[in-house]
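Each chain, written out:
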Amino acid sequence: MCVRWGGILSFWCRITAGIRQAGILSRVLFAIYMDTLTQILRSPGLGCKLVDKYCGCLVCADDILLSSQTANAVRVMLEICDEFAVDSDLQLHSSKSVAMRIGKGTVYSLPLCSQCRRA
């Protein structure tokens, strides 16, 4: 791989780890990698379902959307994500994280994962 800047190419170097940011396959490879997290979240029955389809953890590019019926379930999902991130050597960015509650009732303040609190 090399870098092109203004029509000039840098030296070529071999990439031995990771995936190319904004590459054609990057989103697909990330989704495949993150499928493990989706399976972990699905197994205890956490997250929302639409008809019979699980949609408690949606992944697109490098974004993850968690959805559940209760704030407590979201807390458990965040703890699972935190453990997965530590085990997988991933970083979660609190500056890009948002919690949103839809519906009537008490407004909950969801604590961010422990990795996000450290950031």
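This report concerns the structure included in the present document. Computed from a predicted structure; not experimentally measured.

We now examine the overall build of the protein. Helices and strands together make up the secondary structure of the protein, namely three helices and six strands. Ordered by position from the N terminus, the helices and strands of the protein form the series β-β-α-β-β-β-β-α-α. Residue pairs at least 24 apart in sequence account for 43% of intrachain contacts in the protein once pairs closer than 6 positions are excluded. Here the protein displays about 9,600 Å² of accessible surface, and carbon together with sulfur accounts for 58% of that area.

Attention now goes to helix H2 (residues 71-88). Taking 1.5 Å of rise per residue, 18 residues should cover 26 Å, and H2 covers 25 Å from first to last C-alpha, within 8% of that figure. Among the residues of H2, those classed as buried are Ala71, Ala73, Val74, Met77, Ile80, Cys81, Asp82, Phe84, Ala85 and Ser88.

The next point concerns a nonpolar patch on the surface. Taken together, Ile24, Leu25, Val28, Leu29 and Ile32 make up a surface patch of nonpolar side chains, about 530 Å² in accessible area. Within the element layout of this structure, leucine 29 appears in helix H1 (residues 26-42). What makes leucine 29 partly exposed here is its relative accessible area of 39%.

A few words on unusual backbone geometry. Positioned with a positive phi, valine 51 is a non-glycine residue whose angle comes to about 60°. Within the fold, valine 51 resides in the loop between strand S3 (49-50) and strand S4 (53-54). The phi dihedral of aspartate 89 is positive, around 60°, even though this residue is not glycine. Looking at the element boundaries, aspartate 89 is found in the loop between H2 and helix H3 (114-118).

If you trace the backbone, valine 3 turns up in the segment before strand S1 (4-5). A relative accessible area of 53% means that valine 3 is categorised as exposed. When the C-alpha atoms of valine 3 and cysteine 13 are compared, they prove to be 9.6 Å apart, with 10 residues separating the residues in sequence. Setting aside residues up to four positions removed in sequence, valine 3 forms contacts with Ile8, Leu9 and Ser10.

To continue, consider the packing of H1 against H2. Running from N to C, H1 and H2 point in directions that differ by 145°, and their axes come no closer than 10 Å. For the element pair H1 and H2, the recorded crossing hand is right-handed. Within the contact between the two elements, H1 uses Tyr33, Met34, Thr36, Leu37, Ile40 and Leu41 and H2 uses Met77, Ile80, Cys81, Phe84 and Ser88. The residue inventory of the contact of H1 with H2, partitioned by class, reads nine nonpolar, two polar and no charged.

What follows concerns H1. Between its first and last C-alpha, H1 extends 24 Å over 17 residues, near the 24 Å set by a 1.5 Å rise per residue. The largest bend along H1 reaches roughly 35° and is located at methionine 34. Turning to H1, its buried residues are Ser26, Phe30, Met34, Leu37, Thr38 and Leu41. Looking at the buried side of H1, the elements it contacts are S4, strand S5 (57-60), strand S6 (63-66) and H2.

Here is what the cut-offs are and how they apply
Residues numbered from 1 in each chain as written. Predicted model: local features only at pLDDT ≥ 70, side-chain atom pairs only at ≥ 80, totals over all residues. Heavy atoms only, no water. Helix = DSSP H or I, 4+ residues; strand = E, 2+ residues; numbered from the N terminus. Contact = heavy atoms within 4.5 Å. Areas by Shrake-Rupley, 256 points an atom, 1.4 Å probe, with all protein chains shown as cover. Expected span 1.5 Å × (residues − 1). Buried < 20%, exposed > 50% of the residue type's maximum accessible area, 1.4 Å probe, protein only. Patch = residues over 30% accessible without salt bridge, like charges linked within 9 Å, V, L, I, M, F, W, Y side chains within 5 Å. Salt bridge = Lys/Arg side-chain N within 4 Å of Asp/Glu carboxyl O. Axes fitted to C-alpha atoms, helices over the stretch in contact; angles between N-to-C directions. Left-handed = near helix turned anticlockwise from the far one by under 90°. Nonpolar A, V, L, I, M, F, W, Y, C, P; charged D, E, K, R; others polar. Bend = angle between axes of the 7 residues up to and from the residue.

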